[in-house]
Amino acid sequence: MLKEWAQDLAKEKNLEEEFAFLELLEERAIENFMEFKGKNVNKRVCANVDFYSGFVYEMIGLPEEVYTPLFAMSRITGWTAHRIEELNFDSKRIIRPAYKNVVAPRKFVPLKKR
């Protein structure tokens, strides 16, 4: 649904070429994924809502520094529900995939100094 709205807004803002590029990128990413995984995969693959949300945020004039907080706010309820499940299941099963940081720790650099 957001993709359709993004397309309508792109027409209104005269950014149809940029939208077409995103569509092409989405198409090629899916093709490459299916090629990598194999054609016999029985799972339909598509871009998630966040693929087009940044483009929409830009078109409506939101500053880039609010993109990440908006992403997090839209996910916090789900993240919290997953954590509650992890803590309350007898098996303490992990709902989310495991994550291993392979990057060396870095000091925080304020945005204005980057």
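Before reading on, note that the structure itself is shown above.
Thresholds applied
- Residues numbered from 1 in each chain as written.
- Predicted model: local features only at pLDDT ≥ 70, side-chain atom pairs only at ≥ 80, totals over all residues.
- Heavy atoms only, no water.
- Axes fitted to C-alpha atoms, helices over the stretch in contact; angles between N-to-C directions.
- Helix = DSSP H or I, 4+ residues; strand = E, 2+ residues; numbered from the N terminus.
- Parallel < 35°, antiparallel > 145°, perpendicular 65-115°, else oblique.
- Left-handed = near helix turned anticlockwise from the far one by under 90°.
- Contact = heavy atoms within 4.5 Å.
- Nonpolar A, V, L, I, M, F, W, Y, C, P; charged D, E, K, R; others polar.
- Phe/Tyr/Trp six-rings, centres within 6.5 Å; stacked < 30°, edge-to-face > 60°.
- Buried < 20%, exposed > 50% of the residue type's maximum accessible area, 1.4 Å probe, protein only.
- Patch = residues over 30% accessible without salt bridge, like charges linked within 9 Å, V, L, I, M, F, W, Y side chains within 5 Å.
- Areas by Shrake-Rupley, 256 points an atom, 1.4 Å probe, with all protein chains shown as cover.
- Salt bridge = Lys/Arg side-chain N within 4 Å of Asp/Glu carboxyl O.
- Lys, Arg positive; Asp, Glu negative; His and termini not counted.
- Charge placed at Lys NZ, Arg CZ, Asp CG, Glu CD.
- Arc of directions from axis to C-beta.

So, on to the packing of helix α3 (residues 50-59) against helix α4 (residues 67-88). Axis separation between α3 and α4 bottoms out at 11 Å; the angle between their running directions is 135°. Judged by the inter-axis angle, α3 sits oblique to α4. Our pair here, α3 against α4, has a crossing hand that is right-handed. Only Y67, L70, F71 and R75 of α4 make contact with α3, whose side of the interface consists of D50, G54, Y57 and E58. Considering only residue class, the contact of α3 with α4 consists of four nonpolar, one polar and three charged.

What follows covers the packing of aromatic side chains. Enumeration over the complete set of coordinates arrives at four aromatic pairs. Both rings, one in F51 and one in Y52, keep their centres 5.0 Å apart while their planes meet at 85°; by these two values the pair is edge-to-face. Owing to a relative accessible area of 27%, F51 belongs among the partly exposed residues under this scheme. Centre to centre, the rings of Y57 and Y67 are 5.2 Å apart; their planes meet at 55°, and the pair counts as tilted.

Turning our attention to a negative patch on the surface. Residues E16, E17, E18, E58, E64 and E65 make up a contiguous surface patch of negative charge. Top contributing element to the negative patch by residue count: helix α2 (residues 16-37), with three residues. Summarising the element assignment, E17 is placed in helix α2.

Moving on to helix α1 (residues 2-12). Listed as buried for α1 are A6, L9 and A10. Along the long axis of α1, the arc covered by the buried residues comes to 105°, so they all point the same way. Seen from the open side of α1, the exposed residues pointing more than 90 degrees away from its buried face are E4, W5 and E12. Residues of α1 that are buried sit in contact with α2 and α3. Just past α1, the residue N14 takes up positive phi, approximately 60°.

Before going further, it helps to examine a nonpolar patch on the surface. Taken together, the side chains of F71, I76 and W79 define a hydrophobic patch exposed on the protein surface, amounting to about 270 Å² of accessible area. Here F71 shows up in helix α4. By relative accessible area, which is 33% here, F71 ends up partly exposed.

So, on to unusual backbone geometry. Glycine aside, residues mostly have negative phi angles, and peptide bonds mostly take the trans form. Even without being a glycine, N14 presents a positive backbone phi close to 60°. In this fold, N14 is placed in the loop between α1 and α2.

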